[in-house]
Amino acid sequence: MKNEMELSKYFRSVIEQDKCAVVICNLEHEIIYMNPAAISRYENLGGSGLVGKNLLDCHNNESRERIKKVVLWFEESREHNMIFTFHNKKENKDVYMVALRDDKKKLIGYYEKHEYRNGEKEELYHFK
């Protein structure tokens, strides 16, 4: 088995290659990581400049309260790890908040997960 430092290279690569936006926050709601898809998606809001900013500052009051409520729910139980938060009809995607936990299952942060429902248009094994 690989050591944690070596494995982290692989996990980071998985996230960085994902076509969906990934924004990771700590428990203070500070944005600590954005993958390239997120940087591109949120370019009009500041792109990579959002790293280090408070996620709550990017939302209206109703959304802020919902985010806080979800984090409290994550803290209530180690079994509370993902919650459906929104369906975007325009992009045909579902959005979830996902708990991030350490190796002892302690909550350390969260991220937003996007799942697009449109079928892939790319040809199978199409090498560009």
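Above: the structure in question.
What comes next is a walk through the structure. Note that the structure is a prediction, hence the values are computed from the model and not measured.

## Observations regarding the packing of aromatic side chains
Taken as a whole, this structure holds two aromatic pairs when the rule is applied. Measuring from ring centre to ring centre gives 5.8 Å for Trp73 and Phe74, while their planes differ by 45°; the resulting arrangement is tilted. Given the relative accessible area of 27%, Trp73 is considered partly exposed. What makes Phe74 buried here is its relative accessible area of 0%.

## Some remarks on the sheet that holds strand β4 (residues 93–101)
Pairing is antiparallel across the open sheet formed by five strands, whose spatial order is β2-β1-β5-β4-β3. Two strands in the sheet have a free side with no partner beyond their single neighbour: β2 (31–34) and β3 (82–88). Ignoring strand direction, the axes of neighbouring strands in this sheet form an average angle of 20°. Bridge count for strand β1 (residues 23–26) against β2 is three bridges, and the pairing is antiparallel. By the bridge assignment for β2, Cys25 is matched with Ile31. Against the sheet, helix α3 (residues 61–76) contacts β3, β4 and β5 (107–116), and its axis sits at roughly 45° relative to β4.

## Quick notes on the environment of Gly47
Looking at the element boundaries, Gly47 is found in the loop between α2 (36–41) and α3. The exposure class assigned to Gly47 is buried, which follows from its relative accessible area of 0%. Considered as a pair, Gly47 and Ile31 are 16 residues apart in the sequence and their alpha carbons are 11 Å apart. When residues no more than four places from it in sequence are discounted, the contact partners of Gly47 are Met34, Ile39 and Tyr42.

## Regarding a nonpolar patch on the surface
There is a patch of nonpolar side chains on the surface, built from Leu124, Tyr125 and Phe127 and spanning about 520 Å² of accessible area. Considering the arrangement of structural elements, one finds Tyr125 in the segment after β5. Given a relative accessible area of 74%, Tyr125 falls into the exposed group.

## Quick look at the nonpolar core
One finds Val23, Ile31, Met34, Tyr42, Phe74, Met97 and Tyr110 to be the most contacted residues of the largest nonpolar core, which totals 18 residues. When residues of this core are assigned to their parent elements, the largest contribution, four residues, is made by α3. When residues no more than four places from it in sequence are discounted, the contact partners of Tyr42 are Ala21, Val23, Met34, Gly47, Leu50, Glu112 and His114.

## A look at the pattern of salt bridges
A side chain of one charge can pair with a side chain of the opposite charge when the charged atoms of the two come close. Applying the stated rule across the entire model yields nine salt bridges. Here Arg12 makes a salt bridge to Glu16, at a shortest N to O gap of 3.0 Å. Of this pair, Arg12 and Glu16 are both found in helix α1 (residues 4–17), four residues apart, which corresponds to roughly one turn of the helix. You can call Glu16 partly exposed: its relative accessible area is 29%. For the salt bridge of Glu91 with Arg41, the shortest nitrogen-to-oxygen distance reads 2.8 Å. Of the two residues, Glu91 sits in the loop between β3 and β4 while Arg41 sits in helix α2, which places them 50 residues apart along the sequence. When its relative accessible area of 23% is taken as the criterion, Glu91 is described as partly exposed. What emerges from the salt-bridge pattern is a single network uniting Asp94, Lys113, Glu115 and Arg117.

Rules of the game
- Residues numbered from 1 in each chain as written.
- Predicted model: local features only at pLDDT ≥ 70, side-chain atom pairs only at ≥ 80, totals over all residues.
- Heavy atoms only, no water.
- Phe/Tyr/Trp six-rings, centres within 6.5 Å; stacked < 30°, edge-to-face > 60°.
- Buried < 20%, exposed > 50% of the residue type's maximum accessible area, 1.4 Å probe, protein only.
- Pairing = 2+ DSSP bridges.
- Helix = DSSP H or I, 4+ residues; strand = E, 2+ residues; numbered from the N terminus.
- Axes fitted to C-alpha atoms, helices over the stretch in contact; angles between N-to-C directions.
- Contact = heavy atoms within 4.5 Å.
- Patch = residues over 30% accessible without salt bridge, like charges linked within 9 Å, V, L, I, M, F, W, Y side chains within 5 Å.
- Areas by Shrake-Rupley, 256 points an atom, 1.4 Å probe, with all protein chains shown as cover.
- Salt bridge = Lys/Arg side-chain N within 4 Å of Asp/Glu carboxyl O.
- Core = buried A, V, L, I, M, F, W, Y, C linked by side-chain atoms within 4.5 Å.

None of the figures reported here should be taken as evidence of function without further support.
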